[in-house]
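# Structural characterization, general
The chain contents come next:
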Amino acid sequence: MGQRTLNIGATTGTPITVWLGPVALTILVVLLYFAPHLVNPGILFVVGMTLIQSVFALSWNLLFGYTGLPSFGHAGFYAIGAYFTGAALRYDFQLHFLVTLVIAGLLGALVALAIGVVALKRLTGIFLAVLTVALTEALGKIIGFSPALGEQDGLGNIPRPIMDFGLFTVDLTHGDDYYRFLVVAVVAIVAGLWWVVHSRLGRAFRAVRDDADRARFVGIDVLRYRVYSFMISGGTAALAGALSAPLTRIVTLDQVNWLASTQPILNSLLGGFTSFWGPIVGSVAFSTINYWTRSFPGLSEMMVGGILVVVILVAPTGIVGMLGKLRDRFTKNGDKA
Amino acid sequence: MKRRTVLKGMAASAGAALGMNATYLRAQSGPIRVGVSYALTGVGAPVGTQFLQGTEIAAMQVNRAGGINGREIELIVRDDKYNSAESVAVTRELAGDGVNLIIGGSQTVTALGIAPLAPELGALIVIAGAAGMPVTHQLFNKNIFRTVSNNYTQYGSFGRSLIESHPDVKTWISMAPDGDFGRDSALFFGNAVKKYSVEAAGEEATVLDTIYTQGTATDFRTQINALMSSDAEGLYIGVAGAAQISFFQQARSVGLYDKFKVIGEVGNGEVTGKAMGRNTYPNLWSVSYWNHGLEPFKSNPLSQQLYDDYVDLTGDPFPPALIMAGQRSAMGLFDGIRKAGSTETEEVVAAMEGMTFDTPAGPCYFRPEDHQMLCTNYYSQMGPSREEPYYDVMQMAQIDAAEMVEPANPGKPFSLGEIE
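All values derive from a computational prediction rather than experimental measurement. (Residues numbered from 1 in each chain as written. Chains lettered and ligands numbered in written order. Predicted model: local features only at pLDDT ≥ 70, side-chain atom pairs only at ≥ 80, totals over all residues. Heavy atoms only, no water.)

## Re the overall build of chain B
Using the following cut-off: Helix and strand assignments come from DSSP, with helices taken as H or I runs of at least 4 residues and strands as E runs of at least 2, each series counted from the N terminus. A 1.4 Å probe rolled over the protein chains alone gives each residue an accessible area, and that area as a share of the maximum for its type sets the label: buried under 20%, exposed over 50%, partly exposed in between. Note on contacts: a residue pair is in contact if any heavy atoms of the two residues lie within 4.5 Å. For the purpose of counting charges, residues Lys and Arg are taken to be positive, whereas Asp and Glu are taken to be negative. His and the chain ends are not included. Lys charges are placed at NZ, Arg charges at CZ, Asp charges at CG and Glu charges at CD.
A count of helical and extended segments in chain B gives 16 helices and 16 strands. Considered along the principal axes of its C-alpha atoms, chain B spans approximately 90 × 50 × 35 Å. Counting all 420 residues of chain B, 57% fall into the buried class. The contacts of chain B with a sequence gap of at least 6 include a subset with a gap of at least 24, amounting to 67%. Side-chain charges of chain B comprise 31 positive and 45 negative groups, with the mean position of each set lying 7 Å from the other.

What follows is the structure in structure tokens.
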């Protein structure tokens, strides 16, 4: 499987292209941070959910795009984070919100570790995919029978946190303030994942994905790196869920089923699973289509379905891959001229 | 300078001096914009689309009569996709566009998402169809009004209605989906049967343990076998939609129709009637809202007007009962605006608290403490017919919700132990 990444931050290319990526990213982050002053609360909520979906899709793609392991039940990890954070805030666990987020991520990683240790040695490919679906469905059943987690109704009326740092407090109870915190958190998580995939760890993941036998031959502990990837992916998905609970202020069983698990897959395929930024681009595209077609019930599903068919047939590497091909063609033509 | 220009300038200056901006001035003179957020796609769509038709008819009726204080109603419709996060998104979007009066929550899952938002958005939200108890209990805030009976009132009234009309049925059983709604509705139904059987039949009826199933099941052989081997003669079915139709199709073939003297169902109503046709169970009672051809609706001009408008709009002579629920929800809000003489959230909230208004199902009243609407609850009796549509609604039973509602306890969880 070929791997493509955009050369943001790379030292090759002309001076303009070297700086274009970081400058564009910085402008984008600044715009996102000040979005409460620029857009109405409805669009702001959509932007916030898109940021969360981006992290969720990145977590899935770390597993599939970088390590070659498919998960069709990733919503289970998302739900672990969402329900834990929702319960911690709703029932006032007396935990600092940052600690709550860390525990949520660790819970996701621990569940991934448990599955990984038991299953990853033998179960890869379709077997792992089915196992993750089973995990999610089982989790949904357990929550559905848990009165403390709201059963079928979901856990509603989740309060937003106030973070006490001793010398000062950060009040996130207002939606705009929580949104700004979300932007900072998402930037930190994306930066962390960027570091992971470009570190020695990320290179080991890619080696395992490309040829597990050859990776083993050169001394890479394939099982261990698959478990690492699964843990980071599960933990990140749980973090995405944890960040969503105070934004939506309700967590329901909608988020714990196979349909919810398809969302990061669709976003990654749409944006391009061979690129680090592909899942983010896919999440933005999906949300944009959803928003534009909101007045036409059912149209967004048809449009997304149609676009996915076109993308798979015309550009299997997604929107980012297609843009890369166009850029290559443009550059070649330019060279010829 | 022309005189008109000078006058315009003076008016603008006066507006600015009063602290009013152009948006505010426009909002006070243009159409009254009302947001509508129902499930129009997804598994909740069959309910949400019927609510929407009723709400659109209500707006059409008001506009035909000249609007409210000369201003027409403009509905801004959004699809919540039967998803709580989506319902939050569309409600925030509506509020961001300056819409402060919203009708939504055609089902509990979406209502639980939007109800806590109302104060933050400065909006008044009418919860149209969500019967879950938390809406007017732990999730209550003064900006929400519920225009449907809650589960306790609805299914308690249903149990009471059936035992009062069938005092000879001494043993009852329920079959319900294994979720909080299914368990609650069967519990409230059974408790009411036991309580009101003493007065109706002179002795307490026996209510057997509920048989649980999946809400989306298609195979009911195990449950039907358990029902057939029980001593029960009265049955409550808590499963809805296509699952209920599958149940009746399978139950009929093994003689369940002959075993039970009466069956009550959760509210499928005409959906089951249309699907079963001539094979409809002959004494099937349904949670219902409206039937234009029967009393007390037949002699109610509002009901007849609703029927005429529905037929004009759709060409369908058999309106589903939920149309009235959607129309009634909107009428409650429109009457609140009319009474307040304003579209400001605080003023409409104040006007609706304790307000009584007329509906096709008779007068309804908003309890001031928890904003729960109290009307008459209706239950229809259905059976097979030789004429199209091959099922017939024979009569409507009614129970005053005020007699069956729990005491107002806003802000606190609903507790059955504190009531019974």
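## Quick notes on the overall build of chain A
Rule in force here: Throughout, radius of gyration means the C-alpha value; the globule benchmark is 2.2 Å times the number of residues raised to the power 0.38.
When helices and strands are counted, chain A shows 14 helices and two strands. The C-alpha radius of gyration computed for chain A amounts to 20 Å, which stays within 12% of the reference 20 Å derived for 337 residues, consistent with globular compactness. Each principal axis of the C-alpha atoms in chain A carries an extent, and together these give about 65 × 50 × 50 Å. Buried positions account for 49% of the 337 residues belonging to chain A. Partitioning the contacts of chain A with sequence separation of at least 6, the portion at a separation of at least 24 is 74%. One finds the centroid of the 22 positive side-chain charges in chain A at a distance of 12 Å from the centroid of its 16 negative side-chain charges.

## A short note on the UniProt feature "transmembrane region" (unreviewed entry) in chain A
The condition is simple: UniProt positions are given in the numbering used here, feature names are shortened, and annotations may be inferred rather than shown by experiment.
Per the UniProt entry, the sites bearing "transmembrane region" (unreviewed entry) are residues 12–36, 42–63, 75–91, 97–120, 127–149, 178–197, 265–292 and 304–324 of chain A in this numbering. With 100% helix and 0% strand, the stretch residues 42–63 of chain A has end C-alpha atoms that lie 32 Å from each other.

## Description of the sheet that holds strand 5 (residues 144–146) of chain B
Residue and element names in this part refer to chain B. Quick note on the threshold: Between any two strands, at least two bridges found by DSSP are needed for them to pair. Angles here are taken between N-to-C directions and fall from 0 to 180 degrees, while the axes themselves are lines fitted to C-alpha atoms, restricted in helices to the stretch in contact.
With respect to topology, five strands assemble into an open sheet ordered 2-1-3-4-5, the strand pairing being parallel. Each edge of the open sheet carries a strand with a single partner, namely strand 2 (73–79) and strand 5. When the angles between neighbouring strand axes are averaged without regard to direction, this sheet yields 20 degrees. Helix-sheet contacts for helix 4 (residues 84–96) involve strand 1 (32–38), strand 2, strand 3 (101–104) and strand 4 (124–127), and the interaxial angle to strand 2 is about 150 degrees. Here helix 14 (residues 322–340) sits on the sheet in contact with strand 1, strand 2, strand 3 and strand 4, set at roughly 165 degrees to strand 3.

## Details of the pairing of strand 16 (residues 391–400) of chain B
All names here are of chain B. Inspection of the sheet shows strand 15 (residues 376–384) paired to strand 16 by nine bridges, in the antiparallel sense. Bridge pairing in strand 16 links Gly383 to Asp392. Here strand 15 hands over to strand 16 after six residues, with Tyr390 in that stretch at a positive phi of 70 degrees.

## Focus: the UniProt feature "domain: Leucine-binding protein" (unreviewed entry) in chain B
Taken from the UniProt record, the annotation "domain: Leucine-binding protein" (unreviewed entry) applies to residues 31–374 of chain B. The distance separating the terminal C-alpha atoms of residues 31–374 of chain B is 30 Å; by composition the span is 45% helix and 18% strand.

## Looking at the packing of aromatic side chains
Cut-off, in case you're wondering: Any two rings among Phe, Tyr and Trp, with Trp reduced to its six-membered ring, count as a pair given centres within 6.5 Å; such a pair is stacked if its planes are under 30 degrees apart, edge-to-face if over 60, and tilted if neither. Over a ring means this: the NZ of a Lys or the CZ of an Arg is within 6 Å of the ring centre and within 35 degrees of the ring normal.
Counting across every chain of the model gives 33 aromatic pairs over all chains. Where Phe165(A) meets Phe168(A), the ring centres are 5.2 Å apart and the plane angle is 25 degrees; that geometry is what we call stacked. Overall, Phe168(A) belongs to the partly exposed group, its relative accessible area being 48%. Through a chain of ring-to-ring contacts, three or more aromatic side chains come together here, namely Tyr155(B), Phe158(B), Trp172(B), Phe181(B), Phe189(B), Tyr236(B) and Tyr379(B). The ring of Tyr390(B) is capped by Arg278(B), whose NZ or CZ atom sits 4.1 Å from the centre of that ring.

## A few points about the packing of helix 11 (residues 258–271) of chain A against helix 13 (residues 299–314) of chain A
Residue and element names in this part refer to chain A. Cut-off, in case you're wondering: The cut-offs work like this: below 35 degrees is roughly parallel, past 145 is roughly antiparallel, 65 to 115 is roughly perpendicular, and the gaps in between are oblique. The sense of a crossing depends on the near helix, which, turned anticlockwise from the far helix by less than a right angle, makes the crossing left-handed and, turned clockwise, makes it right-handed.
Across the interface, helix 11 lies against helix 13 with an axial gap of 9 Å and an inter-helix angle of 50 degrees. Relative to helix 13, helix 11 is oriented oblique. Crossing geometry of helix 11 relative to helix 13 is assigned as left-handed. When helix 11 is examined against helix 13, the residues Leu266, Leu269 and Leu270 are found in contact with a partner set consisting of Ile307, Leu308 and Val311.

## Points about the interface of chain A and chain B
Here is the rule: Reported buried area values correspond to the accessible surface (1.4 Å probe) lost by two parts on association, with both partners' losses combined. Note on definitions: salt bridges are taken to be side-chain nitrogens of Lys or Arg within 4 Å of carboxyl oxygens of Asp or Glu. The term polar contact refers here to a pair of N or O atoms within 3.5 Å; inside protein, the definition further demands a hydrogen-donor-capable atom paired with an acceptor-capable atom, and it admits residues adjacent in sequence only when both atoms are side-chain atoms. Ten residues, namely Ala, Val, Leu, Ile, Met, Phe, Trp, Tyr, Cys and Pro, are considered nonpolar, four, namely Asp, Glu, Lys and Arg, are considered charged, and the remaining ones, Gly among them, are considered polar.
Across the contact, 30 residues belong to chain A and 29 residues belong to chain B. Surface buried jointly by chain A and chain B totals about 2400 Å² across both partners, of which 51% is contributed by carbon and sulfur atoms. Considering only the side of chain A, the residues that lose the most area to chain B are Phe45(A), Asp153(A) and Arg294(A), jointly responsible for 21% of the buried surface there. The interface formed by chain A and chain B holds three salt bridges in total. Between Glu120(B) and Arg160(A) there is a salt bridge whose closest N-O contact spans 3.3 Å. For the interface between chain A and chain B, the tally reads seven residue pairs in polar contact (both at pLDDT 80 or more). Put simply, the parts of the chain that give the side of chain A that touches chain B at least two residues each are helix 3 (41–67), helix 6 (126–144), helix 12 (278–292) and helix 13 of chain A. Taken together, the residues that form the side of chain A that touches chain B break down as seven nonpolar, 14 polar and nine charged.

## Some remarks on helix 8 (residues 180–201) of chain B
Residues and elements named next belong to chain B. Put simply, the test is: How far a helix is expected to stretch is found by multiplying one less than its residue total by 1.5 Å. A residue's bend is the angle separating two fitted axes: one through the seven residues that end there, the other through the seven that start there.
The terminal C-alpha atoms of helix 8 lie 30 Å apart, and with 22 residues this matches the ideal 32 Å at 1.5 Å per residue to within 8%. At Lys195, helix 8 shows its strongest bend, of approximately 30 degrees. Backbone geometry just downstream of helix 8 places Gly202 in the positive-phi region, at approximately 85 degrees.

## Regarding the side chain of Gln381(B)
Residue and element names in this part refer to chain B. Relative to the assigned elements, Gln381 resides in strand 15. Residue Gln381 is classed as buried on the basis of its relative accessible area of 12%. Engagement of the side chain of Gln381 in a polar contact is seen with the side chain of Asn283, the distance being 2.8 Å. In this view, Gln381 contacts Asn283, Leu284, Trp285, Asp392, Val393, Met394 and Gln395; residues no more than four positions away in its chain are not counted.

## Re the environment of Val281(A)
Residues and elements named next belong to chain A. By the secondary structure assignment, Val281 is in helix 12. Measuring from C-alpha to C-alpha, the distance between Val281 and Leu270 comes to 7.9 Å, with eleven residues separating the pair along the chain. When neighbours within four sequence positions are excluded, Val281 is seen to be in contact with Gly271, Ile319 and Val320.

## With respect to the state of the cysteines
All names here are of chain B. Convention followed: Disulfides are defined as pairs of cysteine sulfur atoms found within 2.5 Å of each other.
Per the stated rule, a full pass over the model turns up one disulfide over all chains. Here Cys364 pairs with Cys375 through a disulfide, and the sulfurs are 2.1 Å apart. Here the disulfide of Cys364 and Cys375 is right-handed, its torsion about the S-S bond being about 120 degrees. With Cys364 in strand 13 (residues 362–366) and Cys375 in the loop between strand 14 (373–374) and strand 15, this pair connects stretches of sequence that are eleven residues apart. Accessibility assignment for this pair places Cys364 and Cys375 in one class, buried.

## As for the environment of Glu388(B)
Tracing the backbone through its elements, the reader meets Glu388(B) in the loop between strand 15 and strand 16. Glu388(B) gets classed as exposed once you look at its relative accessible area, which sits at 62%.

## Here we look at the packing of helix 3 (residues 45–64) of chain B against helix 14 of chain B
Angle between the axes and distance between the axes are the two parameters that describe a pair of packed helices. Residues and elements named next belong to chain B. Two numbers describe how helix 3 lies on helix 14: the axes approach to 7 Å, and their chain directions differ by 45 degrees. Comparing the axis directions of helix 3 and helix 14 gives the class oblique. Of the two elements, helix 3 crosses helix 14, and the hand of that crossing is right-handed. Packed against helix 3, whose contacting residues are Val47, Gln50, Phe51, Gln53, Gly54, Thr55, Ile57, Ala58, Ala59, Gln61 and Val62, the element helix 14 presents Leu322, Ile323, Ala325, Gly326, Gln327, Ser329, Ala330, Met331, Phe334 and Arg338 at the interface. Split by residue class, the contact of helix 3 with helix 14 holds twelve nonpolar, eight polar and one charged.

## Some thoughts on the domain arrangement of chain B
Residues and elements named next belong to chain B. Operational definition: Annotation comment: domain bounds sourced from an automatic or database domain assignment.
Split by domain assignment, chain B resolves into domain 1 (32–150 + 298–375) and domain 2 (152–293 + 377–418). Taking only C-alpha atoms, the centre of domain 1 and the centre of domain 2 are 27 Å apart. Between domain 1 and domain 2, the contact holds 30 residues from the first and 28 residues from the second. Carbon and sulfur atoms make up 61% of the surface buried where domain 1 meets domain 2, a total of about 2500 Å² over both sides. Summed over the three residues of domain 1 that lose the most area to domain 2, namely His137, Asn150 and Ala321, the buried surface amounts to 22% of that side. The tally of links from domain 1 across to domain 2 stands at zero salt bridges.

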